[in-house]
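# An overview of the molecular structure
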Amino acid sequence: MKKYRWGILAAIVVVCLLLWTQMVNVLCDQDVQFFSGICTINKFIPW
């Protein structure tokens, strides 16, 4: 049962990361000044 719980937790973390990267990409497209540093880092990470 514990393995099942860890699997659900891992799936939630993966989904959150995907949503986060999508949000960052949208903000990068809008060229928000605050996110410019994150955007340059984000380009080097192959999402």
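The residue numbers shown here count from 1 along each chain, following its written sequence. Only residues with pLDDT of at least 70 get local features here, since the model is predicted, and only at 80 or more are side-chain atom pairs given and counted; chain-wide, interface and lining totals rely on the full set of residues. Each side-chain value is derived from all of the structure's non-hydrogen atoms; neither hydrogens nor water enter the calculation.

## Some words on the overall build of the protein
- Counting its regular elements, the protein contains two helices and zero strands.
- Classification of residues uses two cut-offs on accessible area relative to the type maximum, computed with a 1.4 Å probe and protein chains only: under 20% is buried, over 50% is exposed, and between them is partly exposed. Per-residue burial over the protein gives 13% buried out of 47 residues.
- Exposure was quantified through the Shrake-Rupley algorithm and a 1.4 Å probe, taking into account, for residues, occlusion by the shown protein chains and nothing else. In the form shown here, the protein has an accessible surface area of approximately 4,400 Å², with 73% of it arising from carbon and sulfur atoms. In this description a helix means any DSSP run of H or I spanning at least four residues, a strand means any run of E spanning at least two, and both kinds are numbered starting from the N terminus.

## Some points on helix 1 (residues 2-29)
- The span one expects for a helix is its residue count, reduced by one, times 1.5 Å. Over its 28 residues, helix 1 extends 41 Å from the first C-alpha to the last, a length consistent with the 40 Å expected when each residue adds 1.5 Å.
- When we look at burial in helix 1, the residues that qualify are Thr21, Val24 and Leu27.

## A word on a nonpolar patch on the surface
- For patches, a residue must show more than 30% relative accessible area and have no salt bridge; joins then use 9 Å for like charges and 5 Å for nonpolar side chains, namely Val, Leu, Ile, Met, Phe, Trp and Tyr. Salt bridge, as used here, is a side-chain nitrogen of Lys or Arg placed within 4 Å of a carboxyl oxygen of Asp or Glu. Nonpolar side chains collect at one region of the surface, where Trp6, Leu9, Val13 and Leu17 lie side by side and expose about 430 Å² of accessible area between them.
- Given the relative accessible area of 48%, Leu17 is considered partly exposed.

Shape is all these values report; function is a separate question.
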